[in-house]
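# Structural description and commentary
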Number of protein chains: 2
Amino acid sequence: MEIKRLSAQSWRFDPGVPVVGAAAVCGPKEGEGPLGKDMDHIFSDLRLGQKSFEKAEQLMQMQAARIALERAHLPMENLDFFCGGDLLNQLTPTCFTARTLGASFLGLFSACATSTAALSLAALAVASGAVANAMALSSSHTCTAERQFRYPNEYGSQKPPYSQQTATAAGALVLSRSGQALAKLSGVTLGKVIDIQITDPFKLGPAMAPAFADTVSAHLRDWQRQPEDYDLILSGDLGRHGSAIALELLKRKGIHLPEKQYADCGLLLYGEDDSVFAGGSGCGCAASVGFGHILRRIAQGELKRVLLVATGALLSPLANQQQETIPGIAHGVILEGIGNAAQEKPLDNPSENSSRIPFEGGNEDA
Amino acid sequence: MEIKRLSAQSWRFDPGVPVVGAAAVCGPKEGEGPLGKDMDHIFSDLRLGQKSFEKAEQLMQMQAARIALERAHLPMENLDFFCGGDLLNQLTPTCFTARTLGASFLGLFSACATSTAALSLAALAVASGAVANAMALSSSHTCTAERQFRYPNEYGSQKPPYSQQTATAAGALVLSRSGQALAKLSGVTLGKVIDIQITDPFKLGPAMAPAFADTVSAHLRDWQRQPEDYDLILSGDLGRHGSAIALELLKRKGIHLPEKQYADCGLLLYGEDDSVFAGGSGCGCAASVGFGHILRRIAQGELKRVLLVATGALLSPLANQQQETIPGIAHGVILEGIGNAAQEKPLDNPSENSSRIPFEGGNEDA
């Protein structure tokens, strides 16, 4: 596998790193949304029978990890390398998931951009030959993240209309040099930290939009491509306001991203549900939508090439209290179909070994 | 550069990734210790003239980054990739350092094992050809970490005798395929999460010791080496109790690590100073001692091959309140001399371009 540096931010993998396993799981509200049918597991309550929401988030991660491994026909003990993260201090759920998985582990924090940060690292590790296979995973949970970054949901606090709802969801991908590929990862554009001096902890879409525009424009420059070269350019969780700002910023850079070629994972996840205000947010958006719904459409040949750009707001409550700003970051990965092979083995037609996995949006708790 | 997978945890780089820049900086207490003479900068107070200790930690990181870049003769704008982390929630200091550096960025959290986690990733990125150069950095600060994980130092709380003092220190290394090498990084053994069910947030050395023993034994197995093949096997911050437990655990695995070949960065940093109780701790230990004192000895030909194993206790205050345990993790890297070339250009004999850098333990504030 050739790894080629295109710029300080972009690397190309040729012919691309095979994606051999994928899973997306979510909470009840997300399961009722328009993408519920593409979720591998929908938990019917936010606690998952656990004593705390943090333990529930960890269980949700494990469910995603188990399904992704099973779909990859990879026994847990054969997993070489695990990387990922979540929104919680010290990446608590992810560290405990790493304990269960037992693989070598690097924890990553890029706020809500962690899904593609982890995917970039997993792809680099597999493509370079350092590891035989790797799992990238990330998650968020509305009850753990909201109470850490803003107010506990139980307070019933007022929210400004530009606020977003942290998604309760997790997604995992398994990359491997062997096994049957569902899709391939053919390149990475890592983000830089971009700060436009926003300090309002509810205004995260606008805080992340410039990072999205920066990463997308760097990506198109490095690959010498136009937006039309992608079936879809997806942001992670910019929401309504962040999306509008991002498209305008791209326009000012001379890049016209047509609306039909653009979507936001946080908006796709909840559809027209306006109880989430300006849209969904959290690592779980890009992870569950990108590694679930979108990957499924790629594997089925419906989408040929997608640029998934998860976006993160580097909000620190402690720094915020010290009048510091909330910079943004966005990491992009190219996911592509592998041609006929993918269509011969659609995700909705599980092989014998993985028939225990609910492929059609199961709704049973673990 | 060949990258060879030796096991699920270990990769070998052949002929090794050149280390072209290095820096270690610290606070006043650490500067008074036995390694003060090998620090590139000693800050005379814990606030560095900043409004908060968090901002001070970030400034300390930047000082390490600037010296490492200068020593590498690499202008900041030519840095491709930056990775690293610290102990604070959301890696706040590191994210703001990434904003200043302007390079593509991945934030990592492996608690006090973050220094070698970042070094492993930076080496992989450079060795694979994905980036031309990379900086790995990590830091800790006693006033930011203690108040987040235990009690603010200002409380003057009682501490058990097995507690450790978080070091105020930072270290940075620059890896690059071009430039004059001070040393080389020839291999990585990533750690797994190992949990022996400790729940006392002061008992971190014992919580990390089994992870250290696990990583060291995996490393020796994968490279088919004995402890004697290393001039030094260094733990990051096991402290007195953790070190004793680690050596005993290795013995039970059939590995006799002679005392003269073993050292702990946290103990080296403070020497006989018993005001730090069982020793130093924090990302800053392995980063400042490993990337400063030890790298200097390697560059000068005094040490030929060192295994640096930073150790992390995955302590989460929130999980701790929920009666969860504190698992450990440890990541190892091999640092080696490059032979005569290194001796021709010792770190203490700066070239013209880097003569502004205090090589002999400067004690002026930034």
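Everything quoted here is computed from the prediction, not taken from an experiment. (Residues numbered from 1 in each chain as written. Chains lettered and ligands numbered in written order. Predicted model: local features only at pLDDT ≥ 70, side-chain atom pairs only at ≥ 80, totals over all residues. Heavy atoms only, no water.)

### Some thoughts on the overall build of chain A
If you tally the helices and strands in chain A, you get eleven helices and 14 strands. Against the globule reference of 21 Å for 366 residues, chain A gives a C-alpha radius of gyration of 18 Å, in line with a compact fold. Dimensions of chain A, computed from C-alpha atoms along their principal axes, come out at roughly 50 × 50 × 35 Å. For chain A, restricting intrachain contacts to residue pairs at least 6 apart in sequence, the fraction spanning at least 24 positions comes to 79%. (Helix = DSSP H or I, 4+ residues; strand = E, 2+ residues; numbered from the N terminus. Rg over C-alpha atoms; globule rule 2.2 N^0.38 Å. Contact = heavy atoms within 4.5 Å.)

### Examining the side chain of histidine 141 of chain A
Residue and element names in this part refer to chain A. Relative to the helices and strands, histidine 141 resides in the loop between β6 (133-140) and α5 (142-149). In this structure the side chain of histidine 141 is engaged in a polar contact, spanning 3.1 Å, whose partner is the backbone nitrogen of cysteine 143. The contact partners of histidine 141, leaving out residues within four places of it in the chain, are Leu46, Phe53, Ala56, Glu57, Thr166, Ala167 and Thr168. (Polar contact = N/O pair within 3.5 Å; in protein donor to acceptor, adjacent residues only side chain to side chain.)

### Quick word on the environment of histidine 241 of chain B
All names here are of chain B. Tracing the backbone shows histidine 241 in helix α7 (residues 239-252). Taking the relative accessible area as the measure of exposure, histidine 241 reaches 38% and is therefore partly exposed. Remark: the alpha-carbon pair of histidine 241 and tyrosine 162, spanning 79 residues in sequence, is separated by 7.0 Å. With residues near it in sequence (within four places) discarded, histidine 241 still touches Pro161, Tyr162, Pro206 and Ala278. (Buried < 20%, exposed > 50% of the residue type's maximum accessible area, 1.4 Å probe, protein only.)

### As for empty space enclosed by the protein
Residues and elements named next belong to chain B. What the rule picks out here adds up to nine cavities of 30 Å³ or more. Taken as a whole, the largest cavity holds about 140 Å³ of empty space. Along the walls of the largest cavity sit 15 residues, with Leu87, Cys112, Phe149, Arg150 and Leu204 positioned nearest its centre. Residues belonging to the lining of the largest cavity are distributed by class as follows: ten nonpolar, three polar and two charged. (1 Å grid on protein atoms, 1.4 Å probe; cavity = no way out; pocket = protein on both sides within 12 Å on 5 of 7 lines; lining within 4 Å. Points joined across faces, edges and corners; volume = space filled by probe spheres on them. Nonpolar A, V, L, I, M, F, W, Y, C, P; charged D, E, K, R; others polar.)

### Let's talk about the relation of the copies chain A and chain B
Mapping chain A onto chain B calls for a rotation angle of 180 degrees and an axial translation of 0.0 Å; the resulting RMSD is 0.0 Å. What we have between these two chains is a two-fold relation. Of the interface residues in chain A, 100% have counterparts in chain B that sit at the interface too, so the contact is made through matching surfaces. (Least-squares fit on C-alpha atoms with pLDDT ≥ 70 in both.)

### Considerations on the pattern of salt bridges
What the rule picks out here adds up to 28 salt bridges over all chains. The salt bridge involving arginine 99 of chain A is made with aspartate 195 of chain B; its shortest N-O contact spans 2.5 Å. Of this pair, arginine 99 of chain A sits in helix α3 (residues 92-101) while aspartate 195 of chain B sits in the loop between β9 (183-189) and α6 (204-223), each in a different chain. You can call arginine 99 of chain A partly exposed: its relative accessible area is 28%. (Salt bridge = Lys/Arg side-chain N within 4 Å of Asp/Glu carboxyl O.)

### Topic: the environment of serine 115 of chain B
All names here are of chain B. If you trace the backbone, serine 115 turns up in helix α4 (residues 114-127). Measuring from C-alpha to C-alpha, the distance between serine 115 and serine 139 comes to 8.1 Å, with 24 residues separating the pair along the chain. The residues touching serine 115, leaving out its near neighbours within four places in the chain, are Ser138, Cys283, Ala286, Ala287, Phe291 and Ala310.

### Brief notes about the packing of aromatic side chains
All names here are of chain B. Under the counting rule described, the total for this entry stands at eight aromatic pairs over all chains. Geometry around phenylalanine 53 places arginine 47 over its ring, the cationic atom sitting 4.3 Å from the centre. Over the face of the ring belonging to tyrosine 162 we find lysine 203, whose NZ or CZ atom lies 5.3 Å from the ring centre. (Phe/Tyr/Trp six-rings, centres within 6.5 Å; stacked < 30°, edge-to-face > 60°. Lys NZ or Arg CZ within 6 Å of the ring centre and 35° of its normal.)

### Remarks on the confidence of the model for chain A
All names here are of chain A. Across chain A, pLDDT averages 93, with 93% of residues at or above 70. The low-confidence segment residues 348-366, where pLDDT is below 50, has 43 contacts with residues more than four positions distant or belonging to other chains. Prediction confidence for the complex, expressed as pTM and ipTM, is 0.94 and 0.93 respectively. (pLDDT = per-residue confidence, 0-100.)

### Looking at the interface of chain A and chain B
Listed by partner, the interface residues are 61 residues for chain A and 61 residues for chain B. With both chains or domains summed, chain A and chain B bury close to 4,700 Å², and 60% of this area falls on carbon and sulfur atoms. Our enumeration of links across chain A and chain B arrives at six salt bridges. Run the count over chain A and chain B and you get 24 residue pairs in polar contact (both at pLDDT 80 or more). With five residues, α3 of chain A is the single largest residue contributor to the side of chain A that touches chain B. Split by residue class, the side of chain A that touches chain B holds 31 nonpolar, 20 polar and ten charged. (Buried area = accessible area lost by both parts, 1.4 Å probe.)

### A look at the environment of histidine 73 of chain A
Residues and elements named next belong to chain A. Structurally, histidine 73 can be placed in the loop between α2 (53-71) and β4 (81-85). Judged by relative accessible area, histidine 73 falls into the partly exposed class, the value being 40%. Along the sequence, histidine 73 and glycine 179 sit 106 residues apart, while their C-alpha atoms lie 8.1 Å from each other.

### Thoughts on the domain arrangement of chain A
Residues and elements named next belong to chain A. When cut into domains, chain A gives domain 1 (15-179) and domain 2 (183-336). Taking the mean C-alpha position of each, domain 1 and domain 2 sit 18 Å from one another. Taken residue by residue, the interface counts 55 residues in domain 1 and 54 residues in domain 2. Overall, the association of domain 1 and domain 2 removes approximately 4,200 Å² of surface from exposure, summing both partners, and the carbon and sulfur fraction of that is 66%. Our count for the contact surface shared by domain 1 and domain 2 stands at three salt bridges. One salt bridge in this structure joins aspartate 40 and arginine 296, with 3.2 Å as the shortest N-O distance. Scanning the region where domain 1 abuts domain 2 turns up 20 residue pairs in polar contact (both at pLDDT 80 or more). Going through the elements one at a time, β2 (10-26), α1 (28-31), α4 (114-127), β6, α5, β7 (165-166) and β8 (169-176) are the ones with two or more residues in the side of domain 1 that touches domain 2. Grouping the amino acids of the side of domain 1 that touches domain 2 by side-chain chemistry returns 30 nonpolar, 17 polar and eight charged. (Domains from an automatic or database assignment.)

### Focus on α4 of chain B
Residue and element names in this part refer to chain B. For α4, with 14 residues, the first-to-last C-alpha span of 20 Å sits near the 20 Å given by 1.5 Å per residue. Most of α4 is tucked away: 14 of the 14 residues are buried. After α4 finishes, the residue glycine 129 shows a positive phi value of roughly 90 degrees. (Expected span 1.5 Å × (residues − 1).)

### Considering the nonpolar core
Counting 188 residues, the largest nonpolar core has Phe13 and Met135 of chain A together with Phe13 and Met135 of chain B as its most contacted members. Ignoring anything within four residues of it in the chain, the contact list for phenylalanine 13 of chain A reads Met1, Glu2, Ile3, Ala123, Leu124, Ala127, Leu185, Ser186, Gly187 and Val188 of chain A. Grouped together as the second largest cluster of nonpolar side chains are 33 residues, Val216, Ala246, Leu257 and Ile334 of chain B included. (Core = buried A, V, L, I, M, F, W, Y, C linked by side-chain atoms within 4.5 Å.)

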